[in-house]
Amino acid sequence: MRVLGVDPGLTRCGVGVVEGVAGRPLTMVGVGVVRTPADADIGHRLVAIEQGIEQWLDEHKPEYVAVERVFSQHNVRTVMGTAQASAIAMLCATRRGLPVALHTPSEVKAAVTGNGRADKAQIGAMVTRLLRLDARPKPADAADALALAICHIWRAPAVNRLQQAQAAHRQAQTLARKATR
């Protein structure tokens, strides 16, 4: 499984591609940051993020895209920018027919470090260790993007089984309703 992780942000949008399957060693395929100037018009910044993500999709051909789920913060302006960058990543993936998964920050931290309240240093250290890298990916946005991809690879099999079970349950309910008519 090849996953593009996206840590959305307007100034720095972390991107990282990880390949592997749950229970086996994972491999980093690529890591980086799509940057936009803070003083640029919002429309131009969103176009730059779209172009950057499209380049990553073209170059690395992921099968899935994992995006950090936007959560409420005290700074509404930060939340809005993050949400806008997140939407661009989801749009680019969906346009290509790629499945998109959203993971909360605490979900990613728990998956990668075992602690849902881990700090940036702990996440960076574990990403470095899990991917057997010589150095910690920098900036933290890049390490966070890799952590998102790792989280998705590890969680996807369980999530898929859950979704299949839910679909089977819905189908059984539909058949039961039809049988009682």
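As a convention, each chain's residues are numbered from 1 in the sequence order in which they are written. Where totals are concerned, whole chains, interfaces and linings use all residues; where local detail is concerned, this predicted model gives features only for residues with pLDDT of at least 70, and gives and counts side-chain atom pairs only at 80 or more. Neither water nor hydrogens contribute to the side-chain values; these are computed over all heavy atoms in the structure.

**Some details on helix 3 (residues 105–113)**
Point 1. A 1.4 Å probe rolled over the protein chains alone gives each residue an accessible area, and that area as a share of the maximum for its type sets the label: buried under 20%, exposed over 50%, partly exposed in between. Under the scheme used here, helices are H or I runs from DSSP no shorter than 4 residues and strands are E runs no shorter than 2 residues, and both carry numbers assigned from the N terminus. When helix 3 is considered as a whole, its buried residues turn out to be Pro 105, Glu 107, Val 108 and Val 112. The buried side chains of helix 3 occupy one side of the element, clustering within an arc of 160° when seen end-on.
Point 2. Looking at the residues trailing helix 3, positive phi occurs at Gly 114, about 90°. Arc definition: it is the arc formed by the directions from the helix axis to the C-beta atoms.

**Here we look at the nonpolar core**
Point 1. Within this scheme, the nonpolar core is defined by two criteria: the residues are buried Ala, Val, Leu, Ile, Met, Phe, Trp, Tyr or Cys, and they are joined through side-chain atoms within 4.5 Å. If you look at the biggest cluster of nonpolar residues, it comprises 20 residues, and the most contacted ones within it are Leu 4, Val 6, Ile 49, Ile 53, Leu 57 and Val 65.
Point 2. Broken down by secondary-structure element, the contributors of at least two residues to this core are strand 1 (2–7), strand 2 (12–19), helix 1 (42–60), strand 4 (64–68) and helix 2 (76–95).
Point 3. Each residue touching Val 6, except ones within four places of it in the same chain, is listed here: Cys 13, Gly 14, Val 15, Ile 53, Val 65, Ala 66, Val 67, Glu 68, Ala 89, Ala 145 and Leu 148.
Point 4. Among the nonpolar cores identified, the runner-up in size contains 17 residues, and Leu 26, Leu 131, Leu 148 and Cys 151 belong to it. We call two residues in contact when some of their heavy atoms are within 4.5 Å.

**Notes on the sheet that holds strand 3 (residues 27–35)**
By way of backbone hydrogen bonds, the strands of a sheet pair with one another, either parallel or antiparallel.
Point 1. As summarised here, the arrangement of the 5 strands in space is 3-2-1-4-5, forming an open sheet in which the pairing is mixed. In the strand order of this sheet, the two ends are held by strand 3 and strand 5 (100–103), each with one partner. When strand polarity is set aside, the average angle formed by the axes of neighbouring strands in this sheet is 20°.
Point 2. Only strands that DSSP links by at least two bridges are regarded as paired with each other. One ladder, built from 8 bridges, connects strand 2 with strand 3; its direction is antiparallel. Residue pairing across strands places Arg 12 opposite Arg 35, the latter belonging to strand 3. Interaxial angles span 0 to 180 degrees and are taken between N-to-C directions of axes, which are lines fitted to C-alpha atoms, for helices over the stretch in contact.

**Thoughts on the UniProt feature "binding site: Mg(2+) 2" (unreviewed entry) in the protein chain**
Point 1. Here the UniProt feature "binding site: Mg(2+) 2" (unreviewed entry) sits at Glu 68.
Point 2. The topology assignment puts Glu 68 in strand 4.
Point 3. Here Glu 68 is in contact with Val 6, Asp 7, Pro 8, Ser 86, His 103, Pro 105 and Leu 148, once residues within four sequence places are set aside. UniProt positions are given in the numbering used here, feature names are shortened, and annotations may be inferred rather than shown by experiment.

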